Amino acid sequence: MAYKVIRPPESAVQSLYVPAVVDGLGITMRKFFRNAFGRRKDTATLEYVGTPETTMPYPLRHRGLHRLTQREDGSPRCVACLCCSTACPAQCIFIEPGEYPEDDPRHGWERYPVRFVIDEMRCIFCGYCVEACPCDAIRMDSGLHAPPVVKRSDLIFEKERLLSMPGRDGKHLHKNPRPDPPDPESYSLHDGARPPLVDRGASGRDGAGT
Amino acid sequence: MPTVTIDAKQYEAQAGETIIRVAERNGIDIPSYCWHPALSVAANCRMCLVEVEKQPKLQPACQWAIADGMVVHTRSPKVLEARRAVMEFLLLNHPVDCPICDQAGECKLQDYWYEHDGKASRLVGEKVHKPKAERLGPLVVYDAERCIRCTRCVRFCTEIAKDPVLAVGNRGNHAEIILDQGRKLDHAYSMMTAHICPVGALTTTDFRFQARVWMLESTPTICPGCATGCNAWIDQTRGVAKRMRPRDNPEVNDFWMCDDGCLTYKRVEEDRVLCAAVGRGAARKETSVAAALTEAARAIGQVPAAVVAAVLGSEHTSEDNFVLVKLARDLLQKGTGALYLTGRPPGEADDLLRHADKNPNTVGAVQAAAPSTLRGFEDLLNDADAGSVKAAIVLGAHAPVPEAELAPLGKLDVLVVLCANRGPLSELATHVLPAASWAEVSGTFVNAKGQRQRLRPAAPPRGDSLPAWDLLGRLARKMDLALEYKTLGEVERAATPAQVTA
């Protein structure tokens, strides 16, 4: 079914369009000559850097490739809680949680990611994983965007690669205020002694029969 | 009959009943941690405090017996404030490590905090620290920091499992669950302590870190572990079974399941027969189901029908067994051959739930064969040894006798085994056909008490496997036998209709 489109009435001069074109070109030319010869300080155009090696600086809050932050001993801050993979709308994060071995000082405290894989091709860079993380373990402040690759598998990042990427400040540390078990501050809470939960859990107590 | 008024509505109650039971029966939610319908009353969590008129103080609904004309308020400002205060108190030393806690998502602390508290902790200073991830037994891990000392686990071990291995040690802030001297939490129902733990203090080594509960999809099922037929939920994430937990049914298993039963979900994945195979020993070759069926039909056709034995499986559903009986007795042997029964070997039993018969459907298999009587597995071995049985169609790969005694089956010309999991019989078989596991089929199990219970598929059959009744129907068609069942509905209508309880 056809619709009748109601248009505002146009005068004869308007329907010629020539005056409007001249008008618009006038603005273009005025700006052009001002930018080209005027040397005004508030010129809106930026100088093109020129070579492919130099890139535009990304804004500070740019969401780039993910990275995993490290504890002071270099182990992942991540506790494999799966909050990020739950929040992820693209379902691009795979985590296999595990437990630290018996002889590790962190055994019994926390879980850790045995595997942590992000499919950067599937990621939509929404940043929900960073929002969801309770430990500041995953960040998108690497300042990098997904590079062109030859093989698809090159964009499926494993834990080691994610851990190796520093932030834009070149550091791997996180801003989680909570002290980690092997970190010196966590002992200071207990007057410098080892927290009782670490050594009591393994050796048993009276009545524990171990 | 006494009448009690709860939140301005009158309810009938029985003399001596507690407020929380009347409320629960009538759909009124009274929050509680330590109260469990099957356990004795501890009244130590104080979450169920309600206002009873003419009482100066709030009273625990789990302990307070009703009286005629009693007026109870469960949502008065005084009660709500008490609940908020109790929540704050219970969470005072709680580590709030929900992201790494397996209970998160089904934790009463989380639920009730949202519902009744919702405020940040006012604690100044360090929380009390206690042992974490302590192994109480082979299957249970204890985190004392998360524990609220509701003593459900203690009461379960003492009252239900009859093995008082847990107790509360220390006092006040430092109270924690401890083991009896020189003992471990290793009785047959240890995983139930983790199941009834309202918080994340007790977790199972089996499910620990395996999945977040919000990823799990629950399907009702029946435990295939023994002839008790406990009702259960099988929880899966992305099609992979992660745990099994009891489904309340006062007629069968009440609220409980044994540890072995909870771990039977592993049979969905472990030792699965995923494709058909033809041949014995080194000559065995994997092939398609259709090719194996053709080969099996040809092989059975070469021996006289009178020496073909049908071996019913007590691990398989009544429908599977019914179709095998139809195929073998009525169409192939025409009353000449014998029916036998196989299944897993018997195991430990107790007077709570565990049955010595470790097969879920022995009674169902016997019923499916009626009016014929089933002969035992030893008879099959004797007949095979004597040569009166030359071929056999077997449901299930397990035998109730030790593997060393199975040698006579090697003499059989044809041994067609339909099984979900590998076992001693599938090793000896000439034709192995992949059957769907119990978690992948519809059907019925009849437990030792004679209760017929419905099975529902929790997942599609793995690999090439098909329900055993379907495989048998296809085999019959290859053998040019007029087995008329093409759908499970037709099988069910043909099998004796009986009441399904669950």
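Residues numbered from 1 in each chain as written. Chains lettered and ligands numbered in written order. Predicted model: local features only at pLDDT ≥ 70, side-chain atom pairs only at ≥ 80, totals over all residues.

Enquirer: Any details on unusual backbone geometry? Residues and values, ideally.
Expert: Residues and elements named next belong to chain B. With an omega dihedral of 5°, the bond running from Ala370 to Pro371 counts as a cis peptide bond. Its place among the elements puts Pro371 in the loop between helix H9 (362–369) and helix H10 (377–386). Its identity as a non-glycine residue notwithstanding, Thr151 has a phi of 65°, on the positive side. If you trace the backbone, Thr151 turns up in the loop between strand E7 (140–142) and helix H4 (152–160). Residue Asn170 is not a glycine yet carries a positive backbone phi of 60°. Along the chain, the position of Asn170 falls in the loop between strand E8 (166–169) and strand E9 (176–179). (Helix = DSSP H or I, 4+ residues; strand = E, 2+ residues; numbered from the N terminus.)

Enquirer: If you had to explain the sheet that holds strand E1 (residues 3–6) of chain B to someone new, which residues and values would you point to?
Expert: Adjacent strands of a sheet form backbone hydrogen bonds with each other and so pair up, either parallel or antiparallel. Residues and elements named next belong to chain B. In spatial order, the strands read E2-E1-E5-E3-E4; together these five strands make up an open sheet with mixed pairing. At either end of the open sheet lies a strand with only one pairing partner, and these are strand E2 (9–12) and strand E4 (59–60). Its contacts with the sheet put helix H2 (residues 77–90) on strand E3 (49–52) and strand E5 (71–73), and the angle it makes with E3 is roughly 160°. (Pairing = 2+ DSSP bridges. Contact = placed C-beta atoms within 7 Å. Axes fitted to C-alpha atoms, helices over the stretch in contact; angles between N-to-C directions.)

Enquirer: Before we move on, could you go through the pairing of E9(B) and cite the residues and values that matter?
Expert: All names here are of chain B. Burial along E9 is two-sided: the face carrying Glu176 and Ile178 and the face carrying Ile177 and Leu179 are both buried. Judged from the four bridges that link them, E8 and E9 form a sheet pairing that is antiparallel. Note that in E9 the partner of Gly169 across the bridge is Glu176. As consecutive antiparallel partners, E8 and E9 are separated by six residues, and within that stretch Asn170 has a phi angle of approximately 60°, a positive value. (Buried ≥ 20, exposed ≤ 12 C-beta atoms within 10 Å, placed from the backbone.)

Enquirer: Explain the environment of A:Ala132 to me, using residue names and the numbers behind them.
Expert: Residue and element names in this part refer to chain A. Tracing the chain through its elements places Ala132 in helix H4 (residues 128–132). Note on Ala132: 17 C-beta atoms within 10 Å, which makes it partly exposed. Distance from Ala132 to Leu82, taken between C-alpha atoms, is 9.3 Å for residues 50 residues apart in sequence. Apart from residues lying up to four places away in sequence, Ala132 is in contact with Cys83, Cys84 and Ala87.

Purely geometric numbers; function is a separate question.
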